[in-house]
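# Descriptive structure summary
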Amino acid sequence: MKLNCLRIKAIAKIKQIKLNGEEIMKNSSLKRCTVSNVLVLARFLKMVGSLNKLMGFCTIFWLATSTHLRAEQQFTDVVESVTKSTVAIALDAPFKHASPRVLGTGFIVDDGAYAITNYHVVSETLDPKYVENYVVLSGAGTIVKKVKAEIIKIDIKHDLALLKLDSILTPITLSSKNMLRPGTDIAFTGFPIGAILGIYPATHRGYVSAITPDAIPAMNSQQLNLKMMERLDSVSLIYQLDAIAYPGNSGSPMYDPRTGEVVGVINKVLVKDTKESALSSPTGISYAIPVKHVHKLISEVKS
């Protein structure tokens, strides 16, 4: 009897141990399942994070690309608009030349009845023995409109000339800004070497590299000339450009690439006998006259 009691207790104890073991296994499995789920969740969150980063990168790339494309499209639209107001300045002398001889570039201002160019472009004295006139050529290639032009105002100091036209052409907007800061992006459109290449407007881009005097003191007396001495008495500030302007670009409108507003006038001659004559080997640096002098020239005529 006592033996049976001990057997029953032993069986009960074994059952209890078995139940406890199953419970422990169950809890251990649950823990393993929980840990496994946490790891899966972590991997998922990491993947989602990587996906978000990828989507963010793609979004930034798309925005940057679309912004660049919009800017390029905007610039091409600006160039197209500016080109309509950019003209070639030429000398029309039928007895001397079969076609007008291109001298430089200019652009239409105010109400469309005026054009601005460099004075040196139209400084040639017209021969009274022949029928000679300054004209502006509007268009490109063989599709060109010829309009007679008359010099009505000049600014020798800043090498500017205002022409009155016989016909109305498309004017360009002049910027109201006083002076640009170095580093400002610019563009200009004109007819480089137009006498040879023909009436095909070309556009160049760059930036203002410096604001500099239009004359500097000479190193020695041999470098002095009358023009330099006169200019040293009343020095003006002009733009020095990191952009190449060629012969024929004189008088080209220099403008803001974003808006097309004229901020200056390209000049290839003004500094040659003043600033760069102080150099033993003149450079190919390009310069531009600030637009404020154009405003002044027009206001003197309109007032």
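Anything mentioned here points back to the structure above.
Residues numbered from 1 in each chain as written. Predicted model: local features only at pLDDT ≥ 70, side-chain atom pairs only at ≥ 80, totals over all residues. Heavy atoms only, no water.

### Here's the deal with the side chain of Thr189
What counts here: Strands are runs of DSSP state E lasting at least two residues, helices are runs of H or I lasting at least four, and both sets are numbered from the N terminus onward. Accessibility here uses a 1.4 Å probe with only protein chains present; expressed as a share of the type maximum, an area under 20% marks a residue as buried, one over 50% as exposed, and anything in between as partly exposed. Whenever a nitrogen or oxygen atom comes within 3.5 Å of another N or O atom, the pair is scored as a polar contact, on the condition that within protein one atom can donate a hydrogen and the other can accept it, and that pairs from neighbouring residues in sequence are kept only if both atoms are in side chains. By definition, residues are in contact when any of their heavy atoms lie within 4.5 Å.
Structurally, the position occupied by Thr189 is in strand 7 (residues 185-190). A residue is classified by how much of its surface remains accessible, and Thr189, at 0% relative accessible area, is buried. Among the polar contacts made by the side chain of Thr189, one reaches the side chain of Thr203 at a distance of 2.8 Å. Those residues in contact with Thr189 that lie beyond four places of it in its chain are Val82, Thr83, Thr86, Thr105, Pro201, Ala202, Thr203, Ser252, Pro253 and Tyr255.

### Focus on the nonpolar core
Quick reminder of the rule: By convention a nonpolar core is built from buried Ala, Val, Leu, Ile, Met, Phe, Trp, Tyr and Cys residues, the set being connected through side-chain atoms within 4.5 Å.
One finds Phe107, Val109, Ile116, Leu162, Leu174, Val265 and Val294 to be the most contacted residues of the largest nonpolar core, which totals 24 residues. At the level of elements, helix 1 (2-85), strand 2 (101-109), strand 3 (114-118), strand 6 (160-165), strand 11 (262-267), strand 12 (286-290) and helix 4 (292-302) are the ones that each hand at least two residues to this core. Formed by 15 residues, the second largest nonpolar core is a distinct cluster that contains Val121, Val122, Tyr134 and Val147.

### Describing the sheet that holds strand 7
The strands making up a sheet are joined through hydrogen bonds of the backbone, oriented either antiparallel or parallel. Just so we agree on the cut-off: Two strands are said to pair when DSSP picks up at least two bridges between them. Between N-to-C directions, angles cover 0 to 180 degrees, with each direction set by a line fitted to C-alpha atoms, over the stretch in contact for helices.
With antiparallel pairing, the six strands of this closed barrel are ordered in space as 7-8-9-12-11-10. In this sheet, adjacent strand axes meet at a mean angle of 45 degrees when their direction is disregarded. Bridge count for strand 11 against strand 12 is four bridges, and the pairing is antiparallel. Its bridge partner being in strand 12, Asn267 is matched across the sheet by Tyr287.

### A word on a nonpolar patch on the surface
Short version of the rule: Like-charged residues are merged into a patch within 9 Å and nonpolar side chains (Val, Leu, Ile, Met, Phe, Trp, Tyr) within 5 Å, provided each residue has over 30% relative accessible area and no salt bridge. For every accessible area listed, the method is Shrake-Rupley and the probe measures 1.4 Å; residues are considered covered only by the protein chains on display. Throughout this description, the term salt bridge denotes a Lys or Arg side-chain nitrogen within 4 Å of a carboxyl oxygen of Asp or Glu.
Among the surface-exposed residues, Ile193, Ile196, Leu197, Ile244 and Tyr246 lie close enough to one another that they form a single nonpolar patch of about 500 Å² accessible area. Mapped onto the elements of the fold, Ile244 is located in the loop between strand 9 (237-241) and strand 10 (253-255).

### As for the sheet that holds strand 6
Spatially, six strands are ordered 1-2-3-6-5-4 in a closed barrel, and the strand pairing comes out antiparallel. Looking at each pair of strands side by side, their axes are set apart by 45 degrees on average, direction ignored. Bridge analysis of strand 4 (residues 133-140) against strand 5 (residues 143-155) gives seven bridges, and the strand direction is antiparallel. By the bridge assignment, Ser138 is partnered in strand 5 with Lys145. Against the sheet, helix 4 makes contact with strand 2, strand 3, strand 5 and strand 6, and its axis sits at roughly 45 degrees relative to strand 6, the strand it touches most.

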